[in-house]
Amino acid sequence: MNKSANNESTAAMGDATELYDTDGTTLLAKVTQTDSCLTLRIHKSLLNGQGEGIYLLPIDFNVKTGDHDFKSDGLAYSNYMVSITAATYKDMTTTDFFTPSYASDHIIYTNTRLDPTVQ
């Protein structure tokens, strides 16, 4: 277990990383990752509230695009799909979520480069 700058503890658990409160007893966040999926479970106390029951999720995405990251690497096409699912759980350790709280949506990002020599 490692202490972060804000005195919270992190622990690597196989393919998962867990974030605990300052005394190391309450699980605040857990990240698991496979080749194609990243799962973030986070305690609502760490989220910025945007109103009654609305929270801002701390997620950023970086995709390859533009001349530097895309064209110069010899890439001609990229397609990203990000599926987002949100649900409310009783606590951080359970896998059972409250059915009315489940929501899912997705975004698709496509980047292509045309070959001007093709006629």
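Residues numbered from 1 in each chain as written. Predicted model: local features only at pLDDT ≥ 70, side-chain atom pairs only at ≥ 80, totals over all residues. Heavy atoms only, no water.

Across its full length, the protein holds one helix and nine strands. Counted from the first residue to the last, the protein has its helices and strands arranged as β-β-β-β-β-β-β-α-β-β. Within the span of the protein, comprising 119 residues, buried residues form 16% of the whole. Intrachain contacts of the protein at a sequence separation of at least 6 include 29% that bridge at least 24 residues. A total accessible area of about 9,500 Å² is found for the protein, and carbon and sulfur atoms account for 52% of it. (Helix = DSSP H or I, 4+ residues; strand = E, 2+ residues; numbered from the N terminus. Buried < 20%, exposed > 50% of the residue type's maximum accessible area, 1.4 Å probe, protein only. Contact = heavy atoms within 4.5 Å. Areas by Shrake-Rupley, 256 points an atom, 1.4 Å probe, with all protein chains shown as cover.)

Moving on, we come to the pairing of strand 4 (residues 27–33). Sheet topology note: the strand 3 (residues 16–20)/strand 4 ladder contains five bridges and is antiparallel. Across the sheet, the residue bridging to Tyr 20 is Leu 27, located in strand 4. Hairpin connection from strand 3 to strand 4: six residues lie between these consecutive antiparallel strands, with Gly 24 at a positive phi of about 75 degrees. Where strand 4 meets strand 5 (residues 38–42), five bridges bridge the pair, whose relative direction is antiparallel. Within strand 5, the position partnered with Lys 30 by the bridge is Arg 41. Hairpin geometry of strand 4 and strand 5 is characterised by an intervening segment of four residues between the two adjacent antiparallel strands. (Pairing = 2+ DSSP bridges.)

A separate point is the environment of Arg 113. Tracing the backbone shows Arg 113 in the segment after strand 9 (103–112). We classify Arg 113 as partly exposed; its relative accessible area is 35%. C-alpha separation for the pair Arg 113 and Gly 66, spaced 47 residues apart in sequence, amounts to 9.5 Å.

The next thing to look at is the confidence of the model for the protein. Summarising the model, the protein shows a mean pLDDT of 75, and 84% of its residues fall at 70 or more. When the criterion is pLDDT under 50, residues 1–13 qualifies, and its contacts beyond four places in sequence or with other chains add up to 30 contacts. (pLDDT = per-residue confidence, 0-100.)

All right, on to the pattern of salt bridges then. This model, assessed by the stated rule, comprises one salt bridge. Measuring nitrogen to oxygen at the nearest pair gives 3.8 Å for the salt bridge that ties Lys 30 to Glu 18. Residue Lys 30 is located in strand 4, and its partner Glu 18 is located in strand 3; the two are separated by twelve residues in the primary sequence. Classification of Glu 18 as buried rests on a relative accessible area of 8%. (Salt bridge = Lys/Arg side-chain N within 4 Å of Asp/Glu carboxyl O.)

This part is about the side chain of Thr 94. Tracing the chain through its elements places Thr 94 in the loop between strand 8 (77–86) and strand 9. Engagement of the side chain of Thr 94 in a polar contact is seen with the backbone nitrogen of Asp 96, the distance being 3.1 Å. (Polar contact = N/O pair within 3.5 Å; in protein donor to acceptor, adjacent residues only side chain to side chain.)

In this section: the pairing of strand 6 (residues 48–51). In this sheet, strand 7 (residues 54–56) lies alongside strand 6 in antiparallel orientation, the contact comprising three bridges. Considered in strand 7, the bridge of Asn 48 is made with Leu 56. Hairpin geometry of strand 6 and strand 7 is characterised by an intervening segment of two residues between the two adjacent antiparallel strands and by a positive phi of about 75 degrees at Gly 53.

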